[in-house]
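One-letter residues, chain by chain:
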Amino acid sequence: NIRTSSLSLPHSKEMNLMNKVILLIACLFANTAIAQVLVTLRQPPPNQLGATDIWNLTVTNQSPAEVELYLEGTVDEAQDGRIVEGTCGAFKLKANESKNITANNIPGGGKYNWRNGKYQEVMARTGSAGTGEYTVCIYAKNTAGGQLTQACMRHSIAVLSPPTLVSPSDGE
């Protein structure tokens with residue numbers, strides 16, 4: 001006689017749900033590991049967005065070990081897309097250390113790649129981007145190029161024209 005025993009396997013829907021739960025838990029742990037470096041952007045003044053406003057942030061190493069990283073930044077405009085990209089040189093943060101980064105102390109000086117010359121010209125002439133809806137993102141990456149974290153902010157600029165006198169007309 002051959003004895004067979006039946007093994008009760010979960011239904012495929014239950015197995016699929018279990019796989020999703022395991023994947024969710026794995027993602028949560030991965031995000032915790034990634035969040036060991038924190039980037040905090042400072043909001044620019046209303047209706048302004050210049051180079052000094054883009055590179056105005058704090059990078060914090062929340063881990064118990066030193067980390068070597070560099071930053072990449074992007075600015076996108078809602079209608080025109082990517083307008084500029086920038087990177088800085090690598091720098092080290094000791095365990096639990098914070099570093100304020102401004103346009104005056106960008107590690108390695110910073111390099112820019114303008115994707116839209118119109119914006120480069122306006123910023124060079126006026127010191128600020130023109131009217132538009134902008135998204136500024138800074139990505140912290142380890143020296144091997146792996147992304148540690150990112151921070152983004154949206155910023156609106158509405159350049160208003162000066163008031164025009166409509167009445168009385170000339171000579172009235």
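Refer to the preceding data block for the structure.
Cut-offs used in this document
Residues numbered from 1 in each chain as written. Predicted model: local features only at pLDDT ≥ 70, side-chain atom pairs only at ≥ 80, totals over all residues. Heavy atoms only, no water. Salt bridge = Lys/Arg side-chain N within 4 Å of Asp/Glu carboxyl O. Helix = DSSP H or I, 4+ residues; strand = E, 2+ residues; numbered from the N terminus. Buried < 20%, exposed > 50% of the residue type's maximum accessible area, 1.4 Å probe, protein only. Core = buried A, V, L, I, M, F, W, Y, C linked by side-chain atoms within 4.5 Å. Contact = heavy atoms within 4.5 Å. Polar contact = N/O pair within 3.5 Å; in protein donor to acceptor, adjacent residues only side chain to side chain. Pairing = 2+ DSSP bridges. Axes fitted to C-alpha atoms, helices over the stretch in contact; angles between N-to-C directions. Disulfide = S-S within 2.5 Å.

## Thoughts on the pattern of salt bridges
And step 1. A full pass over the atoms with the stated rule returns 5 salt bridges.
And step 2. Residues Glu85 and Arg82 are paired through a salt bridge, measuring 3.4 Å at the closest nitrogen-oxygen approach.
And step 3. In this structure, the salt-bridge partner of Glu85 is Arg115, at a minimum N-O distance of 2.8 Å. With Glu85 in strand β4 (residues 81-87) and Arg115 in the loop between β7 (111-114) and α3 (117-126), this residue pair connects regions lying 30 residues apart in the sequence.
And step 4. Through salt bridges with shared partners, a single ionic network connects Asp76, Arg82, Glu85 and Arg115.

## Here we look at unusual backbone geometry
And step 1. Even without being a glycine, Asn47 presents a positive backbone phi close to 60°.
And step 2. For Asn47, the position within the fold is in the loop between β1 (37-41) and α2 (51-54).
And step 3. On the basis of relative accessible area, Asn47 is assigned to the partly exposed category, the value being 38%.
And step 4. Unlike most non-glycine residues, Asn96 shows phi in positive territory, near 60°.
And step 5. By the element assignment, Asn96 lies in the loop between β5 (91-93) and β6 (98-101).

## Comments concerning the nonpolar core
And step 1. Counting residues in hydrophobic clusters, the biggest one holds 30 residues, and the most contacted among them are Leu57, Val59, Leu69 and Leu71.
And step 2. Of all the elements in the fold, those that place two or more residues in this core are β1, β2 (57-61), β3 (67-77), β4, β5, α3, β8 (132-142) and β9 (147-157).
And step 3. When near neighbours in sequence (up to four residues on either side) are disregarded, Leu69 contacts Val37, Val59, Gly89, Ala90, Phe91, Leu93, Ala140, Lys141, Asn142, Thr143 and Leu148.

## Considerations on the side chain of His155
And step 1. Mapped onto the fold, His155 is located in strand β9.
And step 2. One polar contact links His155 to Gln43, side chain to side chain, over a distance of 2.8 Å.
And step 3. Residue contacts for His155: discarding those within four places in its chain leaves Gln43, Pro44, Pro45, Pro46, Asn47, Gln48, Leu49, Gly132, Glu133 and Tyr134.

## Quick notes on the sheet that holds β6
And step 1. Spatial ordering of the open sheet is given by β1-β2-β6, a layout of 3 strands whose pairing is antiparallel. The outermost strands of the open sheet, each flanked by one partner alone, are β1 and β6. Each strand of the sheet is rotated relative to its neighbour by a mean of 15°, with strand direction disregarded.
And step 2. For β1 and β2, the ladder comprises 5 bridges, and the chain directions are antiparallel. Note on β2: the bridge partner recorded for Val37 is Asn61.

## Describing the state of the cysteines
And step 1. Across all of its chains, the model carries 1 disulfide by this definition.
And step 2. Here Cys137 is linked by a disulfide to Cys152, with a sulfur-sulfur distance of 2.0 Å. When the S-S torsion is 115°, as for the bridge of Cys137 with Cys152, the disulfide is right-handed. Of this pair, Cys137 sits in strand β8 while Cys152 sits in strand β9, placing them 15 residues apart in sequence.
And step 3. A relative accessible area of 6% means that Cys137 is categorised as buried.

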